[in-house]
Amino acid sequence: MVHSSPAGRTKTLSILGSTGSIGVQTLDVVRDHPDLTRINWLTTNRRIEDLERQALEFSPKGVVIADQQSAETFRANTRFKGRILSGHAALEEAAADADNDLLMSALVGFSGVRPTMAAMNAGVDIALANKETLVSAGEPMMRAAATNGINIYPVDSEHSALAQCMVGESSTAIERLILTASGGPFRRHSLQELQHATCAQALKHPNWSMGSKITIDSATLMNKGFEVIEARWLFDVDAARIDVLVHPQSIIHSMVQYVDGSVKAQLGLPDMKLPILYALVAPERVATNFERMNLADIATLTFEAPDYERFPCLRLAFDALAAGGTATAIVNAANEIAVAAFLQEKIAFMDIPRLVDAALNKIVNIADPSLDDIFAVDAETRTFVSSNIQA
Ligand code: NDP
Ligand code: MG
């Protein structure tokens, strides 16, 4: 079913990470709403067959393949007639293209920092999925957004919910943010069981289908910790006024409590296409044929407090945010290396918080860091954690 656009003009959209979970769902939304956007650049790391299909369907100006070897294979075989760039610097070129109105930032991890910053410095608005960019470099990114007059539209379902709850409200009226969490696949596991949690178990998220890195982050609750940090930067609300609430049904996507005690929530079935679409058109709304929620069928919404003992990653993220400086960049880099090792079955599930904690204790925190400081700390942390895994 094809839907017409709202009153606004067609936006020129580039997607960093178009072959990933968010990238593919963004293109699903674009396909269903052809008047909303025109695709400018698409990018992948290695999934060149998917990129080929996307490029032939959406006819972008060009594509970027970050991995050089994959780029050579692509060039030798493709039927795509547009520009073909390769390497990480080319991601920045695509992100900062003067024709972009909006960049969907949907790489995974720290790899998104440079291209997302490049887009901001070129005056391109951001639809932000890649939360690790704000976890690592929140202060410089928000400064770049303010300096360049950039709008950041959150794609993360919780932050989209918060933004939707804030429409028409004054920021000074916000008392608390309440981020909901499904609790992940191990919500009912004992600490003992968590020691033996396998990669296959961790990859089975109860409510959402996502890329492997964020799925593991959801199992450790590091993802929720990252979302607290993301909310702190996006909405300028300090950590003491951000709560995490476990809500296993993932129907309430988050809530805002106001100074008069009123609480606003945004509800919906768990489907990333809604926050993706909202990020493309906010603050407008467009009609969709997305499945509608039936609360009588759902019947029960439940809530519980998070358990910081079984899920120490959540506490580590809060602690790093309180410490400030480069602490959150250390947590992010350590977590990226630890999660990659867990996915390769080199370490146990509970080694992830152990390695993050060790990195926080070892790497010196730099106050008021520049972007260069953050890159240096990121590299130092990766080396430290990698050497701990090999040992
Ligand atoms: P995926 O792993 O599914 O996709 C990541 C995309 O980025 C792919 O296109 C991938 O290429 C590309 N990529 C990965 N690493 C690099 C790199 N080093 N250089 C260049 N390109 C790279 O991730 P998701 O779509 O699940 O997540 C994207 C971001 O959105 C993450 O930050 C995540 O936390 C966030 N997010 C995701 C949600 C979801 O539902 N998936 C929900 C909320 C937030 P290739 O295909 O070759 O691997
Ligand atoms: Mg989320």
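Residues numbered from 1 in each chain as written. Chains lettered and ligands numbered in written order. Predicted model: local features only at pLDDT ≥ 70, side-chain atom pairs only at ≥ 80, totals over all residues. Heavy atoms only, no water.

Caption draft 1: Structural detail: the pattern of salt bridges. Inspection of the entire model under this criterion finds 24 salt bridges. Its salt-bridge partner being Asp-243, residue Arg-176 comes within 2.7 Å of it at the nearest N-O pair. Linking Arg-176 in strand 8 (residues 174–181) with Asp-243 in strand 9 (residues 242–246), this pair joins segments that are 67 residues apart in sequence. Look at Arg-176 and you get partly exposed, because its relative accessible area is 22%. Given a relative accessible area of 28%, Asp-243 falls into the partly exposed group. By sharing partners, the salt bridges in this structure join Lys-131, Asp-156, Glu-158, Lys-224 and Glu-227 into a single network. (Salt bridge = Lys/Arg side-chain N within 4 Å of Asp/Glu carboxyl O. Helix = DSSP H or I, 4+ residues; strand = E, 2+ residues; numbered from the N terminus. Buried < 20%, exposed > 50% of the residue type's maximum accessible area, 1.4 Å probe, protein only.)

Caption draft 2: View of the environment of Glu-230. Along the polypeptide, Glu-230 turns up in helix 11 (residues 222–235). Taking the C-alpha atoms as reference points, Glu-230 and Ile-152, separated by 78 residues in sequence, lie 12 Å from one another. Beyond its immediate chain neighbours, meaning those up to four positions away, Glu-230 contacts Leu-128, Lys-131, Leu-134, Asp-156 and His-159. At 3.3 Å, the side chain of Glu-230 and the side chain of His-159 are in polar contact. (Contact = heavy atoms within 4.5 Å. Polar contact = N/O pair within 3.5 Å; in protein donor to acceptor, adjacent residues only side chain to side chain.)

Caption draft 3: Representation of the sheet that holds strand 7 (residues 152–154). The sheet built from seven strands is open, its strands ordered 4-3-2-1-5-6-7 with parallel pairing. Strands with a single pairing partner mark the edges of an open sheet, and in this sheet they are strand 4 (83–86) and strand 7. Within this sheet the neighbouring strands show an average axis-to-axis angle of 20°, counted without direction. Bridge count between strand 3 (residues 62–65) and strand 4: four bridges; the pairing is parallel. When the bridges of strand 4 are listed, Ile-65 appears paired with Ser-86. Sheet strands in contact with helix 1 (residues 21–32) are strand 1 (11–16), strand 2 (37–44) and strand 5 (102–105), and its direction is about 155° off that of strand 1. (Pairing = 2+ DSSP bridges. Axes fitted to C-alpha atoms, helices over the stretch in contact; angles between N-to-C directions.)

Caption draft 4: Spotlight on the coordination of the magnesium ion (ligand 2). The magnesium ion (ligand 2) binds to the protein through Asp-156 (OD), Glu-158 (OE) and Glu-227 (OE); the donor distances cover 2.1 to 2.2 Å. Counting along the primary sequence, the residues that act as donors to the magnesium ion (ligand 2) give the motif D-x1-E-x68-E. With a gap of 69 residues between them, Glu-158 in helix 7 (residues 157–166) and Glu-227 in helix 11 connect regions that are remote in the sequence. Of the two residues, Glu-158 and Glu-227, neither departs from the other in class, the shared state being buried. (Donors = N, O, S within 2.8 Å, 3.2 Å for Na, K, Ca; no water.)

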